[in-house]
Amino acid sequence: MGNMVATVQSSFLPYIENSGISVFDENNPFPSTRYQGSKNKLTCWIWDNIKDLDFETALDAFGGTGSVSHLLKRKGKQVFYNDILEFNYIIGKALIENDSTKLSDEDIDLLLSENKNKQNFIQKTFKGIYYTDEENACLDNIICNINCLNDEYKKAIAFFALFQSCIIKRPYNLFHRANLYIRLADVKRSFGNKITWDKSFENYFRHFVKEANNAIFYNGSKCRSYNRDALDLDINDIDLVYLDTPYISNKGVGTNYLDFYHFLEGLADYENW
Ligand SMILES: C[S@@+](CC[C@H](N)C(=O)[O-])C[C@H]1O[C@@H](n2cnc3c(N)ncnc32)[C@H](O)[C@@H]1O
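Being a predicted model, the structure only gives us computed values, none of them experimental. (Residues numbered from 1 in each chain as written. Predicted model: local features only at pLDDT ≥ 70, side-chain atom pairs only at ≥ 80, totals over all residues. Heavy atoms only, no water.)

**Student:** Help me understand helix α6 (residues 133-146) in this model?
**Tutor:** Since the α-helix packs 3.6 residues into each turn, any two residues three or four apart lie on the same face. Between its first and last C-alpha, α6 extends 20 Å over 14 residues, near the 20 Å set by a 1.5 Å rise per residue. Counting buried positions along α6 yields ten of 14 residues, so the element is predominantly enclosed. By the burial criterion, the buried members of α6 are E135, N136, L139, D140, N141, I142, I143, C144, N145 and I146. (Helix = DSSP H or I, 4+ residues; strand = E, 2+ residues; numbered from the N terminus. Expected span 1.5 Å × (residues − 1). Buried < 20%, exposed > 50% of the residue type's maximum accessible area, 1.4 Å probe, protein only.)

**Student:** I'm lost on the nonpolar core in this one. Help?
**Tutor:** Across soluble globular proteins, nonpolar side chains show a tendency to be buried alongside one another. Ranked by size, the top nonpolar core spans 66 residues in total, and within it F205, F263 and L264 carry the most contacts. Dropping the residues within four chain positions of it, L264 is found in contact with F87, F163, C166, I167 and F175. Counting residues in hydrophobic clusters, the runner-up holds seven residues, among them A61, F80, I238 and V241. (Core = buried A, V, L, I, M, F, W, Y, C linked by side-chain atoms within 4.5 Å. Contact = heavy atoms within 4.5 Å.)

**Student:** Where do I start with the site of the ligand in this structure?
**Tutor:** Surrounding the ligand, one finds 22 residues, the nearest of these being Y35, T65, S67, D83 and D244. In this structure, an oxygen atom belonging to the ligand sits 2.7 Å away from a side-chain N or O atom of D83. Here the ligand has 610 Å² of accessible area as a free molecule, and 93% of this is covered by the chains. Across the shell around the ligand, the residue classes tally to eight nonpolar, nine polar and five charged. (Near = heavy atom within 4 Å. Polar contact = N/O pair within 3.5 Å; in protein donor to acceptor, adjacent residues only side chain to side chain. Areas by Shrake-Rupley, 256 points an atom, 1.4 Å probe, with all protein chains shown as cover. Nonpolar A, V, L, I, M, F, W, Y, C, P; charged D, E, K, R; others polar.)

**Student:** Please clarify how the state of the cysteines should be interpreted in this entry.
**Tutor:** Under the defined criterion, the tally for this structure stands at zero disulfides. Free of any disulfide, C44 has its nearest neighbouring cysteine sulfur in C223, separated by 20 Å. The cysteine C138 is free of any disulfide, with C166 supplying the nearest cysteine sulfur at 9.3 Å. (Disulfide = S-S within 2.5 Å.)

**Student:** Help me out: how do you make sense of the pattern of salt bridges in this one?
**Tutor:** Two side chains bearing opposite charge may form a pair once their charged atoms approach each other closely. Evaluated as defined, the whole model comprises 16 salt bridges. Taking the shortest distance from any N to any O, the salt bridge between E97 and R224 comes out at 3.5 Å. Residue E97 is found in helix α3 (residues 86-97), and its partner R224 is found in strand β4 (residues 224-226); the two are separated by 127 residues along the sequence. The exposure class of E97 is buried, given its relative accessible area of 4%. Where K194 meets D198, a salt bridge forms, and the shortest distance between an N and an O atom there is 2.6 Å. (Salt bridge = Lys/Arg side-chain N within 4 Å of Asp/Glu carboxyl O.)

Okay, here's the thing in structure tokens:
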């Protein structure tokens, strides 16, 4: 079978911020995620357009949240997920490559318990930038607990939950500006975001672990997550290649995902931040 390439014409799509509502009512719904360019709301449309193609293996070369990989996994395909950012690769491990490991309630309690050996890198480096002092201390604590886990998939699920918790508590769901003041300003508000921003990390962490646990299943073939520049991928014998590159503005400038999500990339490699 020759390669088939499926692309989404990003420039024709409106900006999509994921509401988290999975369009597939199946047993293992994709978790709620907020990410620039996520195609979670389009998975029905994407499937409609590729379902008649004859393919068993698929490469999602610019995987992002993994929403399209997860769709293909739910449809029984052998999926190869890839993203250049390490935090996304970890999400790919948690939701795509992982086919059975989940986090128990005891694991979650342990991850949220106080770690006497925790470091204070986030408290020192990001004071007043993205989160409150108390929240920064909480992040330093959880990340130290996550790094004590031995099981790579448990670790990946915990990271997934931490990343989503960090995103949901940020104005615009991004890290491109030091705008904690938007959250903390004592002003009259006509929108409900402040309630979302101010819920605790603990609350969100528990919530997102549950969502990730529900998304994990085995579809009969071994799926894999990769962390490469798409141009350097050397995976052979793929039937279908799905390409969803960063958006390019009409000035020719591509979205810089590291600018938007550097904080998560730092969390993914805390010891070397
Ligand atoms: C439009 S997003 C993909 C969204 C994804 N389809 C989803 O539903 O979440 C583009 C992704 O490409 C990744 N990326 C950017 N340059 C890359 C490269 N050279 N190789 C692999 N991935 C890259 C970014 O980190 C980003 O996650």
